[in-house]
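What follows is each chain in one-letter form.
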Amino acid sequence: MFTIPDFKAAKQAGRRIAMLTCYDVSTAAILEEAGIDAVLVGDSVAMVVHGQPSTTTATLDMLEAHVRAVRNGAPNLCVVADMPFLTTRRGLREGVDAAATLIRAGANAVKIEGITGHEELIPALVGGGVPVMGHLGLLPQSVNVLGGYAKQGKLDSEAERILGEAVRLEELGCFAMVLECIPAKLAGRIQAAVSIPTIGIGAGPSCDGQILVSNDLLGLTAGYVPAFAKRYLNAHDLFRQAFGQYIAEVRDSSFPPVGGKTAKGEIEQAMEAETKAR
Ligand code: KIV
């Protein structure tokens, strides 16, 4: 199992870290089998799974339920969970309680967006045994302040601020940080400036690792998909084909087969055999 200390060791060894988002039991089991290093139960679950317009509607209850599902599917996988919108802004105690909820649900670490206002919470969590992943650049929880999901750090002043924040996140005790939607050149400067790994999404190739939203990679996302999110599969069409075939077979009575071997038929036969044997 890839562990939290393995993040830093991977950077030191020059080994790239592969992460994906994950929200459910089946995908978690497949990702563990595929050998992913770690998964993020992101607050993007609100948009990807619940169809909400932004991550600001993600709640602690929502994240807790999805962390449980992921842990149930992948008992040995390194799981990072997002601290949902404003859970870090209600004082130290509430922030610590929210992190505890996610860790008890099965997460190994939490991720916190941004640094302003978190200078006390991050060391408190790390000191208490909760590894913290930082997140800089585009902060989707601030979409209403930003007015959209535009690339961040394009101006020199912004780039210098983000670089300074990255250095500070390491000082505060973060074990890694996500860099979202920033220029590749800035991501390269940050990667060189900090000794903890940078995990990029829309931040170019020089990050120490990469993360994507699984549904984008699988071709399951309906609607807008960012240009940097490479699609490895057209699951939408595969699912539609399978569903369409099932619908057609029910309607033309070719499923279930008459006297044929269905999964249910086999179970019934096994139960009958067991009853006879008693
Ligand atoms: O919630 C999420 O999916 C994220 C990734 C975009 C890094 O934070």
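Our structure is the block above this text.
Residues numbered from 1 in each chain as written. Predicted model: local features only at pLDDT ≥ 70, side-chain atom pairs only at ≥ 80, totals over all residues. Heavy atoms only, no water.

*Asks:* Would you mind going over helix 9 (residues 184–193) with me for this structure?
*Replies:* Given 3.6 residues per turn, any residue in an α-helix points the same way as the ones three and four places further on. Of the residues making up helix 9, those classed as buried are Leu 186, Ala 187 and Ile 190. The buried side chains of helix 9 occupy one side of the element, clustering within an arc of 100° when seen end-on. Of the residues in helix 9, the exposed ones pointing more than 90 degrees away from the buried face are Lys 185 and Ala 192. For helix 9, the elements touching its buried residues are helix 8 (156–172), strand 6 (176–180) and strand 7 (198–201). (Buried < 20%, exposed > 50% of the residue type's maximum accessible area, 1.4 Å probe, protein only. Helix = DSSP H or I, 4+ residues; strand = E, 2+ residues; numbered from the N terminus. Arc of directions from axis to C-beta. Contact = heavy atoms within 4.5 Å.)

*Asks:* Explain the packing of aromatic side chains here, please?
*Replies:* Two aromatic rings are characterised by how far apart their centres lie and by the angle between their planes. Scanning the entire structure with this criterion turns up four aromatic pairs. A ring pair is formed by Phe 2 and Phe 7, whose centres lie 5.1 Å apart and whose planes are at 70°; its orientation type is edge-to-face. You can call Phe 2 buried: its relative accessible area is 13%. Residue classification places Phe 7 among the buried residues on the basis of a relative accessible area of 0%. Between the aromatic rings of Phe 7 and Phe 175, the centroid separation amounts to 4.9 Å while the plane-to-plane angle is 70°, which identifies the pairing as edge-to-face. Here the residue Phe 7 occupies a position in helix 1 (residues 4–13), and Phe 175 occupies one in the loop between helix 8 and strand 6, the gap between them amounting to 168 residues. Through a chain of ring-to-ring contacts, the aromatic side chains of Phe 2, Phe 7 and Phe 175 assemble into a single cluster. (Phe/Tyr/Trp six-rings, centres within 6.5 Å; stacked < 30°, edge-to-face > 60°.)

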